[in-house]
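# Survey of secondary and tertiary structure
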Amino acid sequence: MDILKISGISKKFGTAEILRNVSFSVDEDEIFFILGPSGCGKTTLLRIITGFTAPDSGKIMLSGRDITDMPPANRNIGMVFQNYALWPHMNVWQNVSYGLEIKKFPPEVIRRKTEKVLQTTKLASFADHFPPKLSGGQQQRVALARAIVTEPKLLLLDEPLSNLDARLREEMREEIRRIQREIKIAMIYVTHDQKEAMAMGQKIAVMNEGKLVQTGTPVQLYSSPADKFTASFLGDINIMEGEIKSISGKYMSVMTDEGLFTIDRKAGDESGGRVEIGFRPENIFYGHDINIITGTIADVEYLGETVKVNIKTEKNRIFRLRMFSGEFKKIKPEGKISFSVSPEDFIIFK
Ligand code: ATP
């Protein structure tokens, strides 16, 4: 069931259109990821959901109630920021229980709820510590504990892990997922880091220039991106221009300056005409008899487990490939190499 439903939100600052007709809904108990580059409007969208910024148009429904014009304090939405925003002069217990004090819960309830949340976030033994003496990961836990102690209906996280180092980020990804499952809260998690969203996300909405361009699981977004922006934002891709020459059964033929390629026919591509086709660097095979590309090695980047290899064709086009180190060992670096791409691994862009 939807806990949050956003319909047609638009926002301008001056003449700049920051959000354009954004609509989506979030199920109760899910982590909904919003992934997009810096400046695409993610924080503005969160501020509109919390009520700190008013939209120019559109509607926000939370648990079936229209909250579009409701003051922030009445919305029952928690927020975790990138910079934690903890009070340095208060210890962990005081930081976490503050929200309950403000709401004037009886002391016994405050004690019980604070204790429970400190346990959930594994902070019980740090209750009397002060934020400046805590590690980045612990400070992030305090920020989370503080946001969930008042039991909001929805928790918004704005780039919550970007101040942590790589190892701690991975640990905290797991922690956030565990806490989300334990307390069963709906979350909107905003990030510009595609790896983070892909690793954590069941559902990701990709945002670009104020618009939601596609919503799907990591696999759907990576293997069937709706446009070139989504395709290249989620990973590396080789793209060629071409023209649809023929369509037959399940396949169609696309002529490019690298020759004719047979690719899976996708719904809506019946009309012929110019298209762009792309494939991911790791989707390559050897020994097939269609869709063969031949070239010489132009550049190699050895990454341990895998190797990035750039192949230059006779037409001077560079294809970026990725292979396991074991595969790479079998290649003669001086000679020509040929590889092929399966029809189903091509992505078509109109
Ligand atoms: P980042 O990941 O860098 O935080 P973002 O996707 O969260 O980016 P926003 O902070 O929402 O993006 O900003 C979107 C655009 O709106 C930016 O160009 C920003 O300069 C502009 N903007 C944000 N707030 C205001 C404001 N109050 N007045 C004018 N312009 C603003």
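Residues numbered from 1 in each chain as written. Predicted model: local features only at pLDDT ≥ 70, side-chain atom pairs only at ≥ 80, totals over all residues. Heavy atoms only, no water.

## Structural notes on helix 1 (residues 42-50)
With respect to burial, helix 1 is a largely interior element, seven of its nine residues being buried. Among all positions of helix 1, only Lys42, Thr44, Leu45, Leu46, Ile48, Ile49 and Thr50 are buried. Just beyond helix 1, the residue with positive phi is Gly51, at close to 100°. (Buried < 20%, exposed > 50% of the residue type's maximum accessible area, 1.4 Å probe, protein only. Helix = DSSP H or I, 4+ residues; strand = E, 2+ residues; numbered from the N terminus.)

## Quick word on the sheet that holds strand 2 (residues 16-27)
Strand order across the open sheet formed by four strands is 2-1-4-5, with antiparallel pairing between neighbours. Among the strands making up the open sheet, the edge pair consists of strand 2 and strand 5 (65-66). Across two bridges, the pairing between strand 4 (residues 57-62) and strand 5 is antiparallel. Within strand 5, the position partnered with Leu62 by the bridge is Arg65. Contacts between helix 1 and the sheet are confined to strand 1 (2-13), strand 2 and strand 4, with strand 2 contributing the most and set at about 60° to the helix. (Pairing = 2+ DSSP bridges. Contact = heavy atoms within 4.5 Å. Axes fitted to C-alpha atoms, helices over the stretch in contact; angles between N-to-C directions.)

## Observations concerning the layout of surface pockets
In this model, the largest pocket occupies a volume close to 690 Å³. Together, 21 residues line the largest pocket, and Ile77, Gly78, Met79, Arg146 and Thr150 are the ones closest to its centre. A per-element tally of the lining of the largest pocket places helix 2 (residues 92-102) first, with four residues. Tallied by class, the residues present in the lining of the largest pocket amount to 12 nonpolar, six polar and three charged. A volume near 460 Å³ is recorded for the second largest pocket. Lining the second largest pocket are 19 residues, and of these Tyr222, Asp236, Glu282, Lys308 and Arg322 sit closest to its centre. The dominant element in the lining of the second largest pocket, judged by the number of residues it contributes, is strand 16 (residues 306-312), at four residues. Here the residues of the lining of the second largest pocket are counted per class, giving seven nonpolar, four polar and eight charged. Here the lining of the second largest pocket gathers at least three residues from each of two domains, domain 1 (2-233) and domain 2 (238-349). (1 Å grid on protein atoms, 1.4 Å probe; cavity = no way out; pocket = protein on both sides within 12 Å on 5 of 7 lines; lining within 4 Å. Points joined across faces, edges and corners; volume = space filled by probe spheres on them. Nonpolar A, V, L, I, M, F, W, Y, C, P; charged D, E, K, R; others polar. Domains from an automatic or database assignment.)

## Some thoughts on the domain arrangement of the chain
What the domain assignment lists for the chain is domain 1 (2-233) and domain 2 (238-349). Taking only C-alpha atoms, the centre of domain 1 and the centre of domain 2 are 39 Å apart. Counting residues at the interface gives seven residues for domain 1 and six residues for domain 2. Summing both partners gives a buried area of about 610 Å² for domain 1 against domain 2, and 54% of it is carried by carbon and sulfur. For domain 1, the biggest contributors to the area lost against domain 2 are Tyr222, Lys228 and Ala231; these three give 77% of the whole. (Buried area = accessible area lost by both parts, 1.4 Å probe.)

## Remarks on the site of the ligand
Taken together, Phe13, Ile18, Pro37, Ser38, Gly39, Cys40, Gly41, Lys42, Thr43, Thr44 and Glu159 make up all the residues around the ligand. One nitrogen or oxygen atom from the main chain of Gly39 is found 2.7 Å from an oxygen atom belonging to the ligand. Interatomic distance of 3.0 Å between a backbone N/O atom of Lys42 and an oxygen atom of the ligand. Out of a free accessible area of 630 Å², the ligand has 52% covered by protein chains. (Near = heavy atom within 4 Å. Polar contact = N/O pair within 3.5 Å; in protein donor to acceptor, adjacent residues only side chain to side chain. Areas by Shrake-Rupley, 256 points an atom, 1.4 Å probe, with all protein chains shown as cover.)

## What about the packing of aromatic side chains?
This model, assessed by the stated rule, comprises nine aromatic pairs. Ring plane angle 40° and centroid distance 4.8 Å describe the contact between Phe33 and Tyr189, whose orientation is recorded as tilted. Highlighted residues: Phe33 in strand 3 (residues 31-35) and Tyr189 in strand 8 (residues 186-191), separated in sequence by 156 residues. The exposure class assigned to Phe33 is buried, which follows from its relative accessible area of 0%. With a relative accessible area of 0%, Tyr189 lands in the buried category. Ring centres of Phe229 and Phe233 lie 5.3 Å apart, and the angle between their planes is 15°; this geometry places the pair in the stacked category. With a gap of four residues between them, Phe229 and Phe233 both fall in helix 8 (residues 228-234), about one helical turn apart. (Phe/Tyr/Trp six-rings, centres within 6.5 Å; stacked < 30°, edge-to-face > 60°.)

## A look at the side chain of Gln180
When you line up the elements, Gln180 lands in helix 5 (residues 166-183). Within polar-contact distance, the side chain of Gln180 engages the backbone oxygen of Asp29 at 2.7 Å. Residues within four places of Gln180 in sequence aside, it is in contact with Asp29, Glu30, Ile31, Ile185 and Met187.

## A short note on the pairing of strand 2
Where a strand is regular, its side chains alternate between the two sheet faces. Across eight bridges, strand 1 lies against strand 2 in antiparallel orientation. Bridge assignment links Lys12 to a residue of strand 2, and that residue is Glu17.

## Description of the packing of helix 4 (residues 136-148) against helix 5
A packed helix pair is summarised by two numbers, namely the angle formed by the two axes and the spacing between the axes. Two elements in contact, helix 4 and helix 5, have axes separated by 11 Å at closest approach and are oriented at 20°. The pairing of helix 4 with helix 5 is recorded here as roughly parallel in orientation. In the packing of helix 4 onto helix 5, the handedness of the crossing is right-handed. Contact with helix 4, carried on its side by Gly136, Gly137, Gln140, Arg141, Leu144 and Ile148, involves Leu168, Glu171, Met172, Glu175, Ile176, Ile179 and Ile183 of helix 5 and no other residues of that element. Its residues assigned to classes, the contact of helix 4 with helix 5 shows seven nonpolar, three polar and three charged. (Parallel < 35°, antiparallel > 145°, perpendicular 65-115°, else oblique. Left-handed = near helix turned anticlockwise from the far one by under 90°.)

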